[in-house]
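Reading the structure
Listed below, chain by chain, are the residues.
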Amino acid sequence: MFGEQKVSYSGVQPSGNLTIGNYLGAIRNFSTYSEKYKTFYCVVDQHAITVRQVPAELRRRTYETLALYMACGLDPEKNTLYVQSMVPEHTELAWMLNCFTMFGELSRMTQFKDKSAKHSDNINAGLFTYPVLMASDILLYQTDVVPVGIDQKQHVELCRDIAERFNQIYPDTFTVPEPIISRSGMKIMSLADPTKKMSKSDENTNAVVYILDDRDTIIRKFKRAVTDSGSEVRYAEDKPGVSNLMSIYSCFTGKTIEEIEREFNGKGYGDFKLAVGEVTADALAPVQEKYHALLADKAALEAQMKKGAEEASWYARRTLSKVKKKLGFVQLR
Ligand code: ATP
Ligand code: LTN
């Protein structure tokens, strides 16, 4: 809560090409808050360097992620859209919050465990304290709600614990945020292994549908998606492949699972997979068109980055100054 206004905050890493998981689980839901909340949506480039990045690619993806935010319907006049590294208050607060976060808490984070298994040659301290920087992002803006996919719930819960701990020692410093997990796009699974999250850093590009994939690629990827034994289009725990495709179809068409089961009653997997591919391609076409137009004007994107960073800094500085005062740091005017 900043003054009288409720705040929504979220972030996406420019660590790869964005997937329909990112779109359905997170970005598509961001605009629901634009009317009633003060909204901040960040391209979290500093989080991305917890795993090695190619500099030119990180730079390119930073522009692309911002353009995708806008193409997915986030109007920069109604939402503060910005790049994390352009607002140095994030890392400054992160240091202070590190001193209020326990080693044991960070050791329990499943993303840390997963990523350190995956990047066993580079288990750096940044990977370990990643959730503290994320808490800093959220708390700087006195955030009320954080729309994310379910994989980020644990991080938002840790952020709440840090805020509560800090507030207990220094009352009324931070708003304690709530994670908001969209029901429909909670967790989109990999097309190659439906027990695994669809992830933009997956090496198997056939397992992942990217927001920017062309129509033929989308249809081909769905055609090849791993399904289960049997041939019935039915949502069930022992049918993770078909269930995942049904969730995707439901997200893009707004139809319920029961409606989908009825629609494909008596039809096989082949017809169903084609239909999923078609609705996905249809839904993404307007996003892609807007995206390409936005990306063609780099100067306009840079102007947007500058405006967004200035807006964000104004809020961030206020919280940071409050925290410094509470902690006993001398601040000169
Ligand atoms: P990486 O593979 O680099 O870890 P990622 O694909 O998990 O990346 P993030 O940048 O970590 O993407 O996530 C951005 C947002 O998208 C987060 O809110 C996250 O919860 C959501 N998200 C990511 N993947 C999925 C998915 N498969 N289903 C639903 N939401 C998702
Ligand atoms: N950790 C998140 C990205 C992220 C974020 C945030 C999400 C960084 N800072 C603040 C919500 C709020 C991820 O990996 N998806």
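Use the structure listed above.
Throughout what follows, the structure given in this document is the object of discussion. On a predicted model such as this, the values are computed, not experimentally measured, just so you know.

A short note on the pairing of strand S2 (residues 38-43)
With respect to burial, S2 is a largely interior element, 6 of its 6 residues being buried. Summarising the sheet, strand S1 (residues 7-12) and S2 pair through 6 bridges and their orientation is parallel. Within S2, the residue paired with Ser10 across the bridge is Tyr41. Regarding topology, helix H1 (residues 20-30) serves as the crossover connection from S1 to the parallel S2, and that connection is right-handed.

Focus on the site of ligand 1
The environment of ligand 1 is formed by 21 residues, the closest being Asp151, Lys197, Ser199, Lys200 and Ser201. Here a nitrogen atom of ligand 1 and a backbone polar atom of Gly21 are 3.2 Å apart. Within the contact set of ligand 1, an oxygen atom lies 2.6 Å away from a side-chain nitrogen or oxygen of Ser201. Computed on the free molecule, ligand 1 has an accessible area of 610 Å², of which 96% lies beneath the protein chains in the complex.

Comments concerning the pattern of salt bridges
Across all of its chains, the model carries 16 salt bridges by this definition. Across the pair Glu35 and Lys78 runs a salt bridge, and its minimum N-O distance is 3.4 Å. With Glu35 in the loop between H1 and S2 and Lys78 in the loop between helix H3 (55-71) and strand S3 (80-83), this residue pair connects regions lying 43 residues apart in the sequence. Residue Lys78 is classed as partly exposed on the basis of its relative accessible area of 43%. Here Arg61 and Glu57 are joined by a salt bridge, their closest N and O atoms 3.5 Å apart. Taken as a pair, Arg61 and Glu57 lie in helix H3 at a separation of 4 residues, close to a single helical turn. Taking relative accessible area as the criterion, Glu57 reaches 31% and is therefore assigned partly exposed.

Observations concerning the nonpolar core
Side chains of a nonpolar character, in soluble globular proteins, are inclined to be buried together. In terms of nonpolar packing, the biggest core is built from 57 residues, with Tyr69, Phe222 and Phe272 touching the most fellow members. Take this core: its biggest share by element is 9 residues, from helix H12 (residues 269-295). When sequence neighbours within four positions are dropped, the list of residues in contact with Tyr69 reads Ser10, Gly11, Val12, Ile27, Phe30, Tyr41, Cys42, Val43, Leu74 and Leu81. Counting 41 residues, the second largest nonpolar core, distinct from the first, contains Val7, Val132, Val156 and Ala312.

Concerning the environment of His90
Mapping His90 onto the fold places it in helix H4 (residues 89-98). Look at His90 and you get buried, because its relative accessible area is 0%. Every residue in contact with His90, bar those within four places of it in the chain, is listed here: Tyr9, Tyr82, Gln84, Leu133, Ser136, Asp137, Leu140 and Tyr141. Among the polar contacts listed, one links the side chain of His90 to the side chain of Asp137, at a separation of 2.7 Å.

Comments concerning empty space enclosed by the protein
The gaps of empty space that remain are located by a probe, the size of a water molecule, rolled over the atoms. All chains considered together, the criterion is met by 2 cavities of 30 Å³ or more. Looking at the largest cavity, its volume works out to about 60 Å³. Lining the largest cavity we find Gly16, Asn17, Leu18, Arg61, Glu64, Thr65, Leu68, Leu212 and Tyr291. Sorting elements by how many residues they give to the lining of the largest cavity places H3 first, with 4 residues. Partitioned by chemical class, the residues of the lining of the largest cavity number 4 nonpolar, 3 polar and 2 charged. Taken as a whole, the second largest cavity holds about 50 Å³ of empty space. Along the walls of the second largest cavity sit Met109, Gln111, Phe112, Leu127, Tyr130, Pro131 and His155, which together make up its complete lining.

A short note on H4
Within H4, the full set of buried residues consists of Glu89, His90, Leu93, Ala94, Met96 and Leu97. Buried residues of H4, viewed axially, fall in a sector of 165°; they line one side. Of the surrounding secondary structure, the elements contacted by the buried residues of H4 are S1, S3, helix H7 (125-140), helix H8 (153-169) and helix H13 (298-327).

With respect to the site of ligand 2
Neighbouring ligand 2 are 13 residues; Gln13, Tyr130, Met134, Asp137 and Gln152 lie closest to it. Residue Tyr130 places a side-chain N or O atom 2.7 Å away from a nitrogen atom belonging to ligand 2. In the model, a nitrogen atom of ligand 2 is placed 2.7 Å from a nitrogen or oxygen of the Asp137 side chain. Alone, ligand 2 offers 370 Å² of accessible surface; in the complex the protein occludes 91% of this. When residues of the shell around ligand 2 are traced back to their parent elements, those giving at least two are S1, H7 and strand S4 (145-148). Ranked by residues supplied to the shell around ligand 2, first place goes to H7 with 4 residues.

Rules of the game
- Residues numbered from 1 in each chain as written.
- Chains lettered and ligands numbered in written order.
- Predicted model: local features only at pLDDT ≥ 70, side-chain atom pairs only at ≥ 80, totals over all residues.
- Heavy atoms only, no water.
- Buried < 20%, exposed > 50% of the residue type's maximum accessible area, 1.4 Å probe, protein only.
- Helix = DSSP H or I, 4+ residues; strand = E, 2+ residues; numbered from the N terminus.
- Pairing = 2+ DSSP bridges.
- Right-handed = clockwise from strand over helix to strand, strands pointing away.
- Near = heavy atom within 4 Å.
- Polar contact = N/O pair within 3.5 Å; in protein donor to acceptor, adjacent residues only side chain to side chain.
- Areas by Shrake-Rupley, 256 points an atom, 1.4 Å probe, with all protein chains shown as cover.
- Salt bridge = Lys/Arg side-chain N within 4 Å of Asp/Glu carboxyl O.
- Core = buried A, V, L, I, M, F, W, Y, C linked by side-chain atoms within 4.5 Å.
- Contact = heavy atoms within 4.5 Å.
- 1 Å grid on protein atoms, 1.4 Å probe; cavity = no way out; pocket = protein on both sides within 12 Å on 5 of 7 lines; lining within 4 Å.
- Points joined across faces, edges and corners; volume = space filled by probe spheres on them.
- Nonpolar A, V, L, I, M, F, W, Y, C, P; charged D, E, K, R; others polar.
- Arc of directions from axis to C-beta.

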